[in-house]
Amino acid sequence: MTAAKTALFPAAYMEQLKAALDFMRDGSRFLVVAHVQPDGDAISSTLVVGWLLRQLGKQPVMINEGAVPVRLHFLEQSASIINYGKQPPEEKFDRVIAIDCADFRRIGLANACFEDDALLLNIDHHPTNNAFGSHNLIRTDAAATVEILYDLIEYAGIAPDTEAATAIYTGLLTDTGGFRYSNTTPRVMQVASLMLAEGVKGHWIANHLLERMTKPQLLLLQRGLSRLTFSDDNQIAWLYVAFADMAETGAIGEDLEGLVNYALNVEGVQVGILFKETENGDVKVSMRSAGKADVAAIAQSFGGGGHVRAAGCRLEQGIQEAVASVVQAVREALNR
Ligand code: 5GP
Ligand code: MN
């Protein structure tokens, strides 16, 4: 594993790694929580933190506001992540590790399990992260939170086993869109390579997560594409999914992932947007940029956040109003 020792980080980041590890070593029971509607990096990061705490002889309790996406059930220990919405625990925790959350609100309702004076370690890679923890481990040029967790494991001098390596690889794979996005740095490939050497079945995970589709997922895609709309200059493309579409196609929440890319991937499109109507009539917005517009800034102006090229927000508006206001904001950003 000597090849892993090539990463050189600024002293301030090394300090953060040390403080994060001390935070883990100092406690005994920890609550580990990632953002609502967890994606591949959120679940993988939860599992890697849980794994690392167990290596350190600690007791992690892993939780999320919602369910682990079905597609991620192959990850070892994923069944131990408590679904807060289904079975909120009685216990409160005075040591919390929040991962892949740009701000405190992204934790969602599971924050009810925090003691009022809980110490909170915030581990994240979002540029919009506001350092909401009592301790913060943030590296915004990391492609995924699992990449930071690899730094931490390496710093701790612990070698990942296949279980941890599979989760790390999965977080890297999903947050880089299959090692294709601009966040696919040499460090990403280096860590991915080390994980493969650890026995990770990279081809199986890629096929399972990026190629295969369920029939309801394809039916949902069909509906979404039938509504694809372009701005006059074809620089903005968007589509929407109505709440009724979910039940009518049999699709589940995770089937929405990737849909926005069909809007972005059209030649000439600068920003692709997916609008999803939620159960209570609010609209969840996913934005993707080809590089010209900073969608994190646009999302932030609506109370959301994310990355320059991938961001989101939630609007308490009907779908038509949400489309009108977000498309207008994107138009202004592109004309700036
Ligand atoms: P997605 O569109 O896939 O839900 O999210 C894209 C990126 O934006 C992710 O990094 C996600 O964490 C972030 N994001 C999505 N929705 C929100 C939101 O409502 N608030 C914040 N702060 N970030 C969001
Ligand atoms: Mn992430």
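Residues numbered from 1 in each chain as written. Chains lettered and ligands numbered in written order. Predicted model: local features only at pLDDT ≥ 70, side-chain atom pairs only at ≥ 80, totals over all residues. Heavy atoms only, no water.

Among the 14 residues in the neighbourhood of ligand 1, the closest are listed as Arg106, His126, Ser286, Arg288 and Gly305. The side chain of His307 places a nitrogen or oxygen atom 3.3 Å from an oxygen atom of ligand 1. Within the contact set of ligand 1, an oxygen atom lies 3.4 Å away from a backbone nitrogen or oxygen of Gly312. Protein contact buries 84% of the 500 Å² of open area that ligand 1 shows by itself. Breaking the shell around ligand 1 down by element, the ones donating at least two residues are strand 10 (283-289), strand 11 (305-306) and strand 12 (310-315). Considering every element that reaches the shell around ligand 1, the biggest residue donor is strand 12, with four residues. Looking at the shell around ligand 1, its residues break down into three nonpolar, seven polar and four charged. Counting contributing residues per domain, the shell around ligand 1 is built from domain 1 (3-210) and domain 2 (215-335), each supplying no fewer than three. (Near = heavy atom within 4 Å. Polar contact = N/O pair within 3.5 Å; in protein donor to acceptor, adjacent residues only side chain to side chain. Areas by Shrake-Rupley, 256 points an atom, 1.4 Å probe, with all protein chains shown as cover. Helix = DSSP H or I, 4+ residues; strand = E, 2+ residues; numbered from the N terminus. Nonpolar A, V, L, I, M, F, W, Y, C, P; charged D, E, K, R; others polar. Domains from an automatic or database assignment.)

Here we come to the UniProt feature "domain: DDH" (unreviewed entry) in the protein chain. Here, UniProt's "domain: DDH" (unreviewed entry) annotation points to residues 30-171. As annotated, residues 30-171 has a helix share of 27% and a strand share of 25%, and its two end C-alpha atoms lie 22 Å apart. (UniProt positions renumbered as here; feature names shortened; annotations may be inferred.)

Our next topic: the packing of aromatic side chains. For the coordinates displayed, the defined rule picks out six aromatic pairs. Seen from their ring centres, Phe74 and Trp204 are 5.1 Å apart, and the 70° between their planes marks the pair as edge-to-face. Note that Phe74 is positioned in the loop between strand 2 (59-64) and strand 3 (82-83) and Trp204 in helix 6 (residues 202-211), a separation of 130 residues in sequence. We classify Phe74 as partly exposed; its relative accessible area is 25%. Ring geometry for Phe104 against Phe132: centres 6.1 Å apart, planes inclined by 85°, an arrangement best described as edge-to-face. Here Phe104 is found in the loop between strand 4 (93-99) and strand 5 (114-124), whereas its partner Phe132 is found in the loop between strand 5 and strand 6 (135-138), with 28 residues between them in sequence. Just above the ring of Phe23 sits the side chain of Arg95; from NZ or CZ to the centre is 4.7 Å. Directly above the ring of Tyr240 sits Arg227, whose terminal nitrogen or CZ lies 4.6 Å from the centroid. (Phe/Tyr/Trp six-rings, centres within 6.5 Å; stacked < 30°, edge-to-face > 60°. Buried < 20%, exposed > 50% of the residue type's maximum accessible area, 1.4 Å probe, protein only. Lys NZ or Arg CZ within 6 Å of the ring centre and 35° of its normal.)

By the element assignment, Leu47 lies in helix 2 (residues 40-55). For the pair Leu47 and Ile81, spaced 34 residues apart in the sequence, the C-alpha separation amounts to 8.3 Å. The contact partners of Leu47, leaving out residues within four places of it in the chain, are Met62, Leu75, Glu76, Gln77, Ser78, Ile81 and Ala167. (Contact = heavy atoms within 4.5 Å.)

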